[in-house]
Amino acid sequence: MTMSTTTTDPNQMTAHHTHQRIGNLSVDRRLVDFLNQEALPRTTVAPERFWDGFVSLFNRFTDDNRALLQERERLQSAIDEYHGEHPGVPDPTAYQQFLRDIGYLHDEPVGVRARTRHVDEEIAHIAGPQLVVPITNLRFSINAANARWGSLYDALYGTDVISEKDGGEPGNDYNPVRGERVIQWARAFLDRAVPLTEGSHADVVEYRAGRHFKAKLDSGQVVGLSEKDAYAGYRGSPETPSGILLRNNGLHIEIRFDADGPIGGSDKASVSDVILESAVTSIMDFEDSVAMVDGPDKVVGYRNWLVLNDGTAAETMEKGGKTFTRTLSEHLTFTTPSFSTLQLNGRSLLLCRNVGHLMTTPAVLDDEGRELPEGILDALVTSLCAVPGLTSGNDDSAVSDAASIYIVKPKQHGPHEVAFTSALFADVEDILGLERNTIKMGIMDEERRTTVNLMACIEQAIDRIIFINTGFLDRTGDEIHTSMVAGPMIRKAEMKSATWMSNYEDWNVDVGLVCGLPGRAQIGKGMWAMTELMADMLENKGAHPRAGASTAWVPSPTGATLHATHYHEVDVAQRQTEIRRQGRRATLEGLLEIPLAADTNWSEDEKRHEVDNSCQSIVGYVVRWVEQGVGCSKVPDISDIALMEDRATCRISSQMLANWIRHDVVSADFVVDSFKRMAEVVDAQNAGDASYLPMTPSGAGGSFEDSIAWCAARDLVLQGTASPSGYTEPILHARRREFKERHGLS
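The structure presented is a predicted model; accordingly, all values stated were derived computationally and were not measured.

Chemist: For this particular structure, what's the right way to read the pairing of strand E7 (residues 214-217)?
Modeler: Each regular strand displays side chains that alternate between the two surfaces of the sheet. Residues of E7 alternate between two faces, with Ala215 and Leu217 buried on one and Lys214 and Lys216 left unburied on the opposite face. Note: strand E6 (residues 204-208) against E7, 4 bridges, orientation antiparallel. If you follow Tyr207 over to E7, its bridge partner there is Ala215. Here E6 folds back onto E7 in antiparallel fashion, the turn holding 5 residues, of which Gly210 has a positive phi close to 95°. Judged from the 2 bridges that link them, E7 and strand E8 (residues 222-223) form a sheet pairing that is antiparallel. In the strand pairing of E8, Ala215 is matched with Val223. If you look at the hairpin formed by E7 and E8, you'll find 4 residues sitting between the two strands, and Gly220 has a positive phi there, around 95°.

Chemist: Honestly, helix H3 (residues 92-101) in this entry has me stumped. Any pointers?
Modeler: An α-helical turn contains 3.6 residues, so any two residues separated by three or four positions project in the same direction. Within H3, burial applies to Tyr95, Gln96, Phe98 and Leu99. Mapping the buried residues of H3 onto a view down its axis gives an arc of 160°, with all of them on the same face. For H3, the exposed residues set more than 90 degrees away from the buried face come down to Thr93 and Asp101. Considering only its buried residues, H3 is in contact with helix H2 (47-85), helix H11 (448-451) and helix H20 (588-591). Residue Gly103 follows H3 closely and has a positive phi angle near 90°.

Chemist: Quick question: what am I supposed to make of the state of the cysteines here?
Modeler: Any covalent bond linking the sulfur atoms of two cysteines counts as a disulfide. Counting across every chain of the model gives 0 disulfides. Residue Cys615 stays outside any disulfide, its sulfur separated by 11 Å from that of Cys650, the closest cysteine. For Cys615, a relative accessible area of 0% translates into the label buried. By relative accessible area, Cys650 is classed as buried at 2%.

Chemist: Before we go on, may I ask you to explain the packing of helix H21 (residues 604-628) against helix H26 (residues 729-742) in this structure?
Modeler: Relative placement of two packed helices is described by the angle separating their axes and the distance separating the axes. Interhelical geometry of H21 versus H26 gives an angle of 50° and a closest axis separation of 8 Å. Between H21 and H26, the angle is such that the two are oblique. Two secondary-structure elements touch here, H21 through Val622, Trp625, Val626, Glu627 and Gln628 and H26 through Leu732, His733, Arg735, Arg736 and Phe739. Residue composition of the contact of H21 with H26, grouped by class: 5 nonpolar, 2 polar and 3 charged.

Calculation rules
- Residues numbered from 1 in each chain as written.
- Predicted model: local features only at pLDDT ≥ 70, side-chain atom pairs only at ≥ 80, totals over all residues.
- Heavy atoms only, no water.
- Buried < 20%, exposed > 50% of the residue type's maximum accessible area, 1.4 Å probe, protein only.
- Helix = DSSP H or I, 4+ residues; strand = E, 2+ residues; numbered from the N terminus.
- Pairing = 2+ DSSP bridges.
- Arc of directions from axis to C-beta.
- Contact = heavy atoms within 4.5 Å.
- Disulfide = S-S within 2.5 Å.
- Axes fitted to C-alpha atoms, helices over the stretch in contact; angles between N-to-C directions.
- Parallel < 35°, antiparallel > 145°, perpendicular 65-115°, else oblique.
- Nonpolar A, V, L, I, M, F, W, Y, C, P; charged D, E, K, R; others polar.

Next comes the structure, spelled out in structure tokens:
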């Protein structure tokens, strides 16, 4: 390929509508312009080398990608046929043998041990929260990158962790009653995480730093820390420090002081805040939390990922009548007890979640005009945009001190698909001139065929693996779809206590420990979706580190700060050692136990409540996805409790209803009627949104069929058994494009 075919000069490229011809491909010209004018100039990758590689990558991997999807269909058809012939709960021995015979279940390999090298400490050794945000929202992305450190005072004061009873309401102005409760909670936390040799942090009237940590109590007694290694440094002068840095279980805590401030001025020890190291890692999401359906959408995400990596990300916003620009945080500097300088990363280590293997994109077309795999595009372009973050020797701009690129790959079905991704990453490394295994892989254990073959999947990424996690939302959707024909499923609320679920959560940790992931990779757990219920999160999410997980997902910086307290209370490394000594806990038989309902003698009211609840969550999420391009949002449920919804939660609800229709638990008309009634509820919940288009006939144009969003929600259920693996993307993408075309947004 000559250079003349790779430039963006319109006289040197063949245009096809909004696309430009490059080799045997047609590429969206807005993507071409972004790559040539913004991304490539920030690297040393030659444009000609890049575009030659771009074309060869699609030519080499497209057919293999399609073959993997055909294999999914073959296996699902075989499973459907088996359950049609053997309805109900299958015999475990015969069922396992059947799955082996068709190539669904592989023999577990022996001696698989992760060999990943050049991994950042945040992934290899530090246990802590992981924040996930949509890459299309730059403000959210910057906030996530800056969420490495968070105010415990703010996180407590602004959430339901602190009671509003007896004068504890937040109010519009600072409430000293509530503030005192925050301070008491924070002091009690310090007592648990970094206890004093005697007394309580609540009794301290003066903190001093220098070579040793000292705390003077109300009684006049001067004490130190129970764990001497807990003292890591200070800021300001030793006698009157502005901050004291403490460390516990690998995470840092900074006690800040300001005797002249409104909080510190009224505190007997002048403590103005307690700052926690919070979102140690953050995933910038190109998948389930975004709505990117074409070339221009992809460019928005790629551009945001690029500026996060080169350190120039900035967003101007207005709050309280004031305009300001939010940028990426600088590193934090402290003086150590030996009076040397300690610099700590001010930003979360960034990972990037690509799309899976299923979807194609109109941003790249072959010579027959067919869309090509979006995952291939993501692999190359997100890696290119991450190259500026590999800069060594420039600590302020380098994203990865280990000079690695971290890509989380979702929705892979079994070891062959992981092997495909590993080969794809290798070719990308060659195109970009990167050392082999620079691109690391996170394997999301969220599909049933990956779960039962998890060790074999890890083996296929043995030199790249930096992440496995349980994603119970998508995993539940795939559990339902895989066994769709077997019989009616139990209700959604019962899924979390089902046999397969408990085995799934244990199996993931067990396999990760056997494969030697600690010290090289994260073992993660899923998201807390109830964004407003932080008290419940504190009560329940501590189970994740206790389960041996080195990280777990949170939906906000506030959630990250609160969840960080759990990692101070649980030494994850110690817990993993204890679990490893127990041996494998989960069983394959338990993992493969299909969650079928023993009977479906639910009352009409029970059925209606279950269906209404699912329909309301689907339509409330889909209307924003299709009409506003919002891929992740807080959607009020049927009881007006805000829940964080994304495509994974949508997949569960739509698959559950499709299953119930398939087995005559409810009729299709029953579900459609619910969708109509829930559209009225959702319209009312969004009445204050000026950009919202009502779905009901009075606002949609005369009938529900005139609302593209409502039709999309309905189709997710009525076409749920036919949609590949029960995924929502094909329908959502098609309807979003239809909406954009109708309203001139393409």
